[in-house]
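Coordinate inspection notes
Listed below, chain by chain, are the residues.
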Amino acid sequence: MEQVNVLGHTDGVLKIALSGDIDLGNAEAFYAEVNTAYSVAPADILFDCEGLNFIDSTTLGTFVKILKEVKANGHTLRLCNLQPKIKKLFLICSLDSLMEIA
């Protein structure tokens, strides 16, 4: 899946670059790839969203699902380099109060 590029662990943080569109059609594959990378070595997760062009409500729900699992293990989830239109979705849904959005 080209939308998810696991960059690896650096300083206790699992870095994952996202690109393209993530929506109903591939949200489960997105979740599976992130979950696999996280389960190998649980750590804080940093999503670099610079190349991410589109998400839908299914994807927002998937981020929340990932957040719940990460938080249950004492880790954090951060998103950086969001396109303004995508960042707006997170703000409208008040997800910025649950996860760090830089």
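In short, a report on the structure. What you see is a predicted model, and the numbers here were worked out from it, not measured in a lab.

1. Quick notes on empty space enclosed by the protein
- One pass over the structure, following the stated rule, counts 1 cavity of 30 Å³ or more.
- The space that makes up the largest cavity amounts to roughly 30 Å³.
- For the lining of the largest cavity, the secondary structure elements donating two or more residues are helix H1 (27-40) and helix H2 (57-72).
- Broken down by element, the residue count for the lining of the largest cavity peaks at 4 residues, all from H1.
- The class makeup of the residues in the lining of the largest cavity is 6 nonpolar, 1 polar and 1 charged.

2. Some words on H1
- Its 14 residues place the ends of H1 20 Å apart at the C-alpha level, agreeing with the 20 Å of an ideal helix rising 1.5 Å per residue.
- Among all positions of H1, only Ala27, Phe30, Tyr31, Val34, Ala37 and Tyr38 are buried. For H1, the buried positions fall inside an angular range of 135° around the axis, keeping them on one side. When the buried face of H1 is taken as reference, the exposed residues oriented beyond 90 degrees from it are Glu28 and Val40.
- Packed against the buried residues of H1 are strand S1 (4-10), strand S2 (13-22), strand S3 (44-55) and H2.

3. Considering the packing of H1 against H2
- Remark: H1 packs on H2, axes separated minimally by 10 Å, with the N-to-C direction vectors making an angle of 20°. Comparing their axes, H2 and H1 come out roughly parallel. Between H1 and H2 lies a crossing whose hand is right-handed. Across the interface between the two elements, Ala27, Glu28, Phe30, Tyr31, Val34, Asn35 and Tyr38 of H1 pack against Thr58, Thr59, Thr62, Phe63, Lys65, Ile66, Glu69 and Val70 of H2.
- Tallied by class, the residues present in the contact of H1 with H2 amount to 8 nonpolar, 4 polar and 3 charged.

4. Topic: the side chain of aspartate 56
- Among the structural elements, aspartate 56 can be located in the loop between S3 and H2.
- Comment: no salt bridge for buried aspartate 56; closest opposite-charge side chain is lysine 65, at 13 Å.
- One polar contact links the side chain of aspartate 56 to the main-chain amide nitrogen of leucine 24, over a distance of 2.9 Å.
- Leave out the neighbours within four places in its chain, and aspartate 56 touches Ile22, Asp23 and Leu24.

Rules of the game
Residues numbered from 1 in each chain as written. Predicted model: local features only at pLDDT ≥ 70, side-chain atom pairs only at ≥ 80, totals over all residues. Heavy atoms only, no water. 1 Å grid on protein atoms, 1.4 Å probe; cavity = no way out; pocket = protein on both sides within 12 Å on 5 of 7 lines; lining within 4 Å. Points joined across faces, edges and corners; volume = space filled by probe spheres on them. Helix = DSSP H or I, 4+ residues; strand = E, 2+ residues; numbered from the N terminus. Nonpolar A, V, L, I, M, F, W, Y, C, P; charged D, E, K, R; others polar. Expected span 1.5 Å × (residues − 1). Buried < 20%, exposed > 50% of the residue type's maximum accessible area, 1.4 Å probe, protein only. Arc of directions from axis to C-beta. Contact = heavy atoms within 4.5 Å. Axes fitted to C-alpha atoms, helices over the stretch in contact; angles between N-to-C directions. Parallel < 35°, antiparallel > 145°, perpendicular 65-115°, else oblique. Left-handed = near helix turned anticlockwise from the far one by under 90°. Lys, Arg positive; Asp, Glu negative; His and termini not counted. Salt bridge = Lys/Arg side-chain N within 4 Å of Asp/Glu carboxyl O. Polar contact = N/O pair within 3.5 Å; in protein donor to acceptor, adjacent residues only side chain to side chain.

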